[in-house]
Amino acid sequence: MVEDALAKGLIAVGAGLAVGLAGIGAGLGESGIGAAAVGATAEDRGFFGLGILFTVIPETIVIFGLVIAFILMFAF
Amino acid sequence: MIYRGNRAAWAYIVARTKVMKSRLMKAEDFRKLLNMEFDEIVRYIGETEYKKEIDELGYKFTGPRLLDHALYANLARTYRKLIEVSFGASKFLITRYLEKWDVWNIINIIRGKMANVQPEVIEDVLVPAGERDLEFWKSLIVRDIEEIVKSFEGTPYYEPLSKVGSEDISKIEDELYKVYYRELLKLNPTDFAMKLFLDFIKMEIDIRNVKTLLRLKAEDATVEEIISCTIPGGYELTEEEIRKLAAMPIDEMIKSLEGYWFWDDVQIKGKSVATAEIEFDKVWINTISKRASNYPLSILPVLQYAVLKKVEVDNLRVLGWGKYYGLPNEEIERQMVIL
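Quantities reported herein were computed from a predicted structural model and do not represent experimental measurements.

**Section: the overall build of chain B**
If you tally the helices and strands in chain B, you get 19 helices and zero strands. Against the globule reference of 20 Å for 339 residues, chain B gives a C-alpha radius of gyration of 20 Å, in line with a compact fold. Counting all 339 residues of chain B, 52% fall into the buried class. Long-range pairs, those at least 24 residues apart, make up 65% of the contacts in chain B with a sequence separation of at least 6. Counting every atom, chain B has about 15900 Å² of accessible surface; 50% of that belongs to carbon and sulfur.

**Some words on the environment of leucine 82 of chain B**
Residues and elements named next belong to chain B. Within the fold, leucine 82 resides in helix H5 (residues 63-85). Taking the C-alpha atoms as reference points, leucine 82 and alanine 27, separated by 55 residues in sequence, lie 24 Å from one another. Each residue touching leucine 82, except ones within four places of it in the same chain, is listed here: Ile13, Thr17, Met20, Ile94, Val302, Tyr305 and Ala306.

**Digging into the UniProt feature "domain: V-ATPase proteolipid subunit C-like" (unreviewed entry) in chain A**
Those places that UniProt annotates as "domain: V-ATPase proteolipid subunit C-like" (unreviewed entry) correspond, in this numbering, to residues 13-72 of chain A. Annotation note: span residues 13-72 of chain A, helix share 90%, strand share 0%, distance between end C-alpha atoms 10 Å.

**Let's talk about the confidence of the model for chain A**
Per-residue confidence for chain A averages 93 on the pLDDT scale, and 100% of its residues sit at or above 70. Least confident of the elements in chain A is helix H3 (residues 59-75) of chain A, whose mean pLDDT is 93; most confident is helix H2 (residues 48-56) of chain A, at 95.

**What to know about the UniProt feature "transmembrane region" (unreviewed entry) in chain A**
Taken from the UniProt record, the annotation "transmembrane region" (unreviewed entry) applies to residues 49-75 of chain A. End C-alpha atoms of residues 49-75 of chain A are separated by 38 Å, and the span's content is 93% helix alongside 0% strand.

**Side note on the side chain of aspartate 68 of chain B**
Within the secondary structure, aspartate 68 of chain B is located in helix H5. Among the polar contacts made by the side chain of aspartate 68 of chain B, one reaches the side chain of tryptophan 321 of chain B at a distance of 3.1 Å.

**Focus on the nonpolar core**
Counting residues in each nonpolar core, the largest one holds 120 residues, and the members touching the most others are Tyr97, Phe197 and Phe262 of chain B. Discounting chain neighbours no more than four positions away, the residues touching phenylalanine 262 of chain B are Asp206, Ile207, Val210, Leu237, Leu257, Phe280 and Val283 of chain B.

**Observations concerning the packing of helix H1 (residues 2-43) of chain A against H3 of chain A**
All names here are of chain A. H3 packs onto H1 with a crossing angle of 180° between their chain directions and a minimal axis gap of 8 Å. Here H1 is positioned roughly antiparallel relative to H3, judged by the angle of their axes. Here Ile11, Ala12, Gly14, Ala15, Ala18, Val19, Ala22, Gly23, Ala26 and Glu30 of H1 lie close against H3, whose contacting residues are Glu59, Ile61, Val62, Gly65, Leu66, Ile68, Ala69, Leu72 and Met73. Taken together, the residues of the contact of H1 with H3 break down into 14 nonpolar, three polar and two charged.

**Remarks on the interface of chain A and chain B**
Across the contact, 13 residues belong to chain A and 10 residues belong to chain B. Counting each side, the surface lost to burial between chain A and chain B is near 850 Å², with a carbon and sulfur contribution of 63%. Our count for the contact surface shared by chain A and chain B stands at three salt bridges. Close ionic contact of arginine 23 of chain B with glutamate 43 of chain A constitutes a salt bridge, the shortest N to O distance being 3.2 Å. Viewed at the interface, chain B and chain A are joined by four residue pairs in polar contact (both at pLDDT 80 or more).

**Concerning the packing of aromatic side chains**
All names here are of chain B. In total, this model carries 20 aromatic pairs over all chains according to the counting rule given. Plain terms: the ring middles of tryptophan 261 and phenylalanine 262 are 5.5 Å apart, the flat faces sit at 80° to each other, and that makes the pair edge-to-face. With a centroid separation of 6.0 Å and an interplanar angle of 15°, the aromatic rings of tryptophan 321 and tyrosine 325 are classed as stacked. Assessed through its relative accessible area of 58%, tyrosine 325 is described here as exposed. Taken together, the ring pairs connect Tyr97, Phe200, Tyr260, Trp261, Phe262, Trp263, Phe280 and Trp284 into an aromatic cluster. Across from the ring centre of tyrosine 177, 4.5 Å away, lies the NZ or CZ of arginine 208, which sits over that ring.

**Observations concerning a nonpolar patch on the surface**
Residue and element names in this part refer to chain A. There is a patch of nonpolar side chains on the surface, built from Ile33, Phe47, Leu50, Leu53, Phe54 and Ile57 and spanning about 510 Å² of accessible area. Looking at the nonpolar patch, the element that brings in the most residues is H2, giving three residues. Relative to the helices and strands, isoleucine 57 is located in the loop between H2 and H3.

**A closer look at the confidence of the model for chain B**
Low pLDDT marks regions whose predicted coordinates should not be analysed in detail. Residue and element names in this part refer to chain B. Residue-level pLDDT values for chain B average 89, and 98% of them are 70 or greater. Considering each helix and strand of chain B separately, the mean pLDDT is smallest for helix H8 (residues 119-124), with a value of 82, and largest for helix H18 (residues 300-324), with 95. Here the prediction assigns the complex a pTM of 0.90, and the interface score ipTM is 0.85.

**Focus: the packing of helix H3 (residues 38-45) of chain B against H18 of chain B**
All names here are of chain B. Between H3 and H18, whose axes approach to 9 Å, the crossing angle comes to 150°. Judged by the angle between their axes, H3 and H18 are roughly antiparallel. Contact residues: Phe38, Ile41 and Ile45 in H3; Leu316, Leu319, Gly320, Lys323 and Tyr324 in H18. Looking at the contact of H3 with H18 residue by residue, the class counts come to six nonpolar, one polar and one charged.

**So, helix H15 (residues 239-246) of chain B**
All names here are of chain B. Here H15 has its buried residues at Ile242, Leu245 and Ala246. End-on view of H15: buried residues confined to an arc of 95°, all on one side of the axis. Exposed side of H15, more than 90 degrees from the buried face: Glu240 and Lys244 are the residues found there. In this structure, the buried residues of H15 make contact with helix H13 (192-218), helix H14 (223-229) and helix H16 (250-256).

Scoring rules and cut-offs
- Residues numbered from 1 in each chain as written.
- Chains lettered and ligands numbered in written order.
- Predicted model: local features only at pLDDT ≥ 70, side-chain atom pairs only at ≥ 80, totals over all residues.
- Heavy atoms only, no water.
- Helix = DSSP H or I, 4+ residues; strand = E, 2+ residues; numbered from the N terminus.
- Rg over C-alpha atoms; globule rule 2.2 N^0.38 Å.
- Buried < 20%, exposed > 50% of the residue type's maximum accessible area, 1.4 Å probe, protein only.
- Contact = heavy atoms within 4.5 Å.
- Areas by Shrake-Rupley, 256 points an atom, 1.4 Å probe, with all protein chains shown as cover.
- UniProt positions renumbered as here; feature names shortened; annotations may be inferred.
- pLDDT = per-residue confidence, 0-100.
- Polar contact = N/O pair within 3.5 Å; in protein donor to acceptor, adjacent residues only side chain to side chain.
- Core = buried A, V, L, I, M, F, W, Y, C linked by side-chain atoms within 4.5 Å.
- Axes fitted to C-alpha atoms, helices over the stretch in contact; angles between N-to-C directions.
- Parallel < 35°, antiparallel > 145°, perpendicular 65-115°, else oblique.
- Nonpolar A, V, L, I, M, F, W, Y, C, P; charged D, E, K, R; others polar.
- Buried area = accessible area lost by both parts, 1.4 Å probe.
- Salt bridge = Lys/Arg side-chain N within 4 Å of Asp/Glu carboxyl O.
- Phe/Tyr/Trp six-rings, centres within 6.5 Å; stacked < 30°, edge-to-face > 60°.
- Lys NZ or Arg CZ within 6 Å of the ring centre and 35° of its normal.
- Patch = residues over 30% accessible without salt bridge, like charges linked within 9 Å, V, L, I, M, F, W, Y side chains within 5 Å.
- Arc of directions from axis to C-beta.

This is the structure:
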């Protein structure tokens, strides 16, 4: 019973780490891209769409983290 | 190493200047302009980035003087914009680099005052691109030379300026540029961004010095005269090296230049000094481009833009005056830095 609860707790911690660390990584990646996108858009509004697109590319990493979290939470 | 320091801050200013750089005129634009008449050139330029200045100054000036004033006004506006949109380390470095224009303004004001030129005419040649704004320079124009010199008391420029009246103005100009570079080289290369900046400055000094060396050698100047006109602190051309090169006959000196970074297969044999200088300008621009690509998140792409903008303005001036005086296209093209 105690072991079961411990396992569930560790899984929850693992899921949290998967999403949290992926989020931090994506944030670090997006900071540079976002700044460049804002810079380019400030000069030429035509870069707005492309800037947003490039800025969200690192966000895919968070989706991977989220998938891992779901697998941990529901597959075990 | 591609990146060190505050990545987001560099990304912002670099992306912004890259967009600004994309608006600069290309080689094919210059070739197109070469086939136009003077009035067509002014009209063409008036539809580009220079529209605001051409429109504003169009009622005041005509002919190549309109072109000159509009181009310099645009250059000043562009440089001030670079300072305004940057922040942190990039703002500091851009401001320090553009202080070069303060020297330009000081010299133009003093020259103008010595020749009793009208204040409005002096004002028109000013490029308030540095930290000091147009109001500051305007306030200097109305004062007399002693007061102008006094207003720089406490700055590094005071010492050479205090010789105004007792020494030749071109010597004072050389001294002021020496002070400008000396002050820049005093910066401590504490981080990678600063190191890249200082290397850029040292390389710029080398290019200035090699051009001075060629020009003075062609005029049979003595070693001491050459040394007094060159700027200490170069990347490879140290004072000792310059002294060694200056003592050689010109052909031997040109051969000895082959080992330096700025040689890069430059063909200057049989060419005039002015054409040789343009060859070195081309090498300089190519070198900055390569270095800016190697270090994309640094001050180098911003400095590259500042240099290219000045080259564009110079090219348009050469083109305008050349066309106005009916020079042949080949001659005008030879005087332009087209890559």
